[in-house]
Amino acid sequence: MRQRNLPLVGILALLCILPRSAAADDVPTAGQILATYNVDLAGFSLGEFRLNARFQGSSYRMQGEGSFSLFIGSLYRSGGTTTSAGKFRKVGLEPSSFTLSFEGGGKKETRRLSFTGSAVSEVTILPPPRGGRRRVPVTKAQLADVLDPLSAAFLHMPSGSSICDETMPVFDGRLRFDIVLTPKRDDDLPREAPAGLSGPAAVCEVKFVPISGYKPDNAAIQYLSQTDKIEAWLVRLPQTTLYVPYWIGVPTPLGRGGATLTQIKVNLDRP
């Protein structure tokens, strides 16, 4: 499996499906959100992804941590951490920095992004990428008005008639892609949903559209960009206008992959 060395990036891609609009006058003034997601593949649990989001004034800072294991002929372990910081503006989110460090499959990598305004101003990858199969070039214009994966995944407020009706540009340090949401239906949350959440959940069809930074012959990119079976359940947090993903399902050659919200604690001050 050539994509084994990108487990945490893959999890962020699963979670990175929320529209990016969040008006500065409609956000928490202070507080914290703690969330835990169970990640599974074909009915088998791979591990957990844990998020800690803090808010102060118009600023936000988030930290995520994941650890995963998978047995395919041999035991494969991976894990990593990711951070994101930025501000809420009237036109939406304005990230200032993003980091991602992961280890797995005999590989370690760290990525750092800096933003000026809503554009990526600096990208650092350690160790530096080696030559190999050519990637579709990323242009400067494609790095304007983008979000990092963590900001895109967890900070959302509805900006139109439907929460599932938006196209979101994302850059993770290597890959520039769009996530396109379209509404499917509303559905009740299952009984095992964390206490305090209430439905209905907005169910969105999710389309992954690679723009640049990818290898054209990458089988995983081809598979994800061609499927119409990616689905996300978004649920509103009580007493807020914030939505979080409750469940995300993604088909894979090994079976359906998913990330399910299993625990959440919310402590937010409202304006």
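This text follows the structure it describes.
Going along each chain's sequence as written, the residues are numbered from 1 onward. For a predicted model such as this one, the threshold for reporting local features is a pLDDT of at least 70, and the threshold for listing and counting side-chain atom pairs is 80 or more; totals across whole chains, interfaces and linings nevertheless cover every residue. Excluded from the side-chain calculation are hydrogens and water; included are all heavy atoms of the structure.

**Overview of the pattern of salt bridges**
Consideration 1: Every case where a carboxyl oxygen of Asp or Glu lies within 4 Å of a side-chain nitrogen of Lys or Arg is listed as a salt bridge. For the structure on display, the rule yields ten salt bridges.
Consideration 2: As a salt-bridge pair, Arg89 and Glu94 come within 3.6 Å of each other at their nearest N and O atoms.
Consideration 3: Only protein chains enter the calculation, and the probe is 1.4 Å; a residue is then buried if its accessible area is under 20% of its type maximum, exposed if over 50%, and partly exposed in between. Note on Arg89: relative accessible area 33%, which makes it partly exposed.
Consideration 4: Between Glu109 and Lys107 there is a salt bridge, with the nearest N and O atoms lying 3.5 Å from each other.
Consideration 5: Looking at Glu109, the relative accessible area reads 3%, which means it is buried.

**Here we look at the packing of aromatic side chains**
Consideration 1: Pairing of aromatic rings covers Phe, Tyr and the six-membered ring of Trp, with a centre-to-centre limit of 6.5 Å; geometry is then stacked below 30 degrees between planes, edge-to-face above 60, and tilted otherwise. All told, the structure shown has four aromatic pairs when counted by the stated rule.
Consideration 2: Pairing Phe177 with Phe208 gives two aromatic rings, centres 5.3 Å apart and planes at 40 degrees, and the pair type is tilted. Residue Phe177 is found in strand E9 (residues 176-187), and its partner Phe208 is found in strand E10 (residues 201-212); the two are separated by 31 residues along the sequence.
Consideration 3: An aromatic cluster of at least three residues, connected via ring pairs, comprises Phe55, Tyr60 and Phe88. Helix numbering and strand numbering both begin at the N terminus, where a helix is a DSSP run of H or I of at least 4 residues and a strand a DSSP run of E of at least 2.

**Describing the pairing of E9**
Consideration 1: Note: strand E8 (residues 166-171) against E9, six bridges, orientation antiparallel. Across the sheet, Met168 pairs through a bridge with Ile179, a residue of E9.
Consideration 2: Two strands qualify as a pair provided that DSSP identifies no fewer than 2 bridges between them. The turn joining E8 and E9, which pair antiparallel and follow one another in sequence, is formed by four residues; a positive phi near 105 degrees is taken by Gly173.

Geometric values such as these leave the question of function open.
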